[in-house]
Amino acid sequence: MTELQDEAQRRRAIALAIALTADTHLAPDQYEFDLLESYAQGERTLNQVLLELDTRVQHLLYRSQAVELLTAVQLTELLEESRAWNRAHGITGLLCYGSDGHFVQVLEGPAHEVHALYVKIQRDKRHQNVQLLSNKAASSRWFTDWQMAFVETDAPDFFWLISYLEAREHNLVMPQIPITEPLLLTLLNQFSRT
Ligand SMILES: Cc1cc2nc3c(=O)[nH]c(=O)nc-3n(C[C@H](O)[C@H](O)[C@H](O)COP(=O)(O)O)c2cc1C
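In this text, all values refer to a predicted model and were calculated from it rather than measured experimentally. (Residues numbered from 1 in each chain as written. Predicted model: local features only at pLDDT ≥ 70, side-chain atom pairs only at ≥ 80, totals over all residues. Heavy atoms only, no water.)

Draft legend 1. Representation of the site of the ligand within the structure. Taken together, 16 residues surround the ligand, and among them S82, W85, N86, Q105 and D124 come closest. Compared with its free state, where it exposes 620 Å², the ligand has 79% of that area covered by protein. When contributions to the shell around the ligand are tallied by element, the ones reaching two or more residues are α4 (72-88), β3 (102-109) and α5 (111-123). In terms of residue count, α4 provides more of the shell around the ligand than any other element does, five residues in total. Here the residues of the shell around the ligand sort into eight nonpolar, four polar and four charged. (Near = heavy atom within 4 Å. Areas by Shrake-Rupley, 256 points an atom, 1.4 Å probe, with all protein chains shown as cover. Helix = DSSP H or I, 4+ residues; strand = E, 2+ residues; numbered from the N terminus. Nonpolar A, V, L, I, M, F, W, Y, C, P; charged D, E, K, R; others polar.)

Draft legend 2. Local environment of the packing of aromatic side chains. Tallied over the entire structure, the rule returns three aromatic pairs. Plain terms: the ring middles of F159 and W160 are 5.4 Å apart, the flat faces sit at 75° to each other, and that makes the pair edge-to-face. A relative accessible area of 52% means that F159 is categorised as exposed. By relative accessible area, which is 28% here, W160 ends up partly exposed. One Lys or Arg, K120, reaches over the ring of W85 and ends 3.5 Å from the middle of that ring. (Phe/Tyr/Trp six-rings, centres within 6.5 Å; stacked < 30°, edge-to-face > 60°. Buried < 20%, exposed > 50% of the residue type's maximum accessible area, 1.4 Å probe, protein only. Lys NZ or Arg CZ within 6 Å of the ring centre and 35° of its normal.)

Draft legend 3. Molecular detail of the packing of helix α1 (residues 3-21) against helix α2 (residues 30-40). Two elements in contact, α1 and α2, have axes separated by 8 Å at closest approach and are oriented at 145°. Note that α1 runs across α2; the crossing there is left-handed. When α1 is examined against α2, the residues E7, R10, R11, I14, A15 and I18 are found in contact with a partner set consisting of F33, L36, E37, Y39 and A40. (Axes fitted to C-alpha atoms, helices over the stretch in contact; angles between N-to-C directions. Left-handed = near helix turned anticlockwise from the far one by under 90°. Contact = heavy atoms within 4.5 Å.)

In structure tokens:
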């Protein structure tokens, strides 16, 4: 059998595996699905697919509410502690703190690190009502240079940010957002693509 026939058979096998595992617990997630599908369609080589699976970045987005408003000193302590941990564990991201005590945070990095950190964050007594907004893989980071970027917003900006993220998550019509802060715009632009 020629190499081309081999390759065509592999592509067919992958297409079959995708179809057979659909709606079972073995089904690939969206990121894996898109890559495998593009291999089955002949748009990527197997090596490209394997590389993109190995280097994928998990993006986890949640919102929460501070139990008590944090002082500037408490926020600085939280950021210092976070950045030290994140640097050592390959995590980057953005923490947004609204003046009314709401948090929105993006954690990005290897899936096992992101999920382990999220477990700790959920247990943290400094905030409550932790709600997951999104948890997806993508091919690259959004906040590459930040062990944890930080933005403090006023209440209206926070309201728009949440309205936008929730509309996107529920496939509703997106509101027009009057947000100009560059880090928040990065989050909104990237989030609307995934
Ligand atoms: C809103 C919020 C965001 C946080 N973000 C991070 C973070 O990015 N990285 C981190 O290491 N800890 C973060 N923390 C702190 C963790 O919740 C936790 O205190 C820290 O991981 C130490 O946990 P441990 O005492 O269970 O080891 C955050 C806490 C809060 C309240």
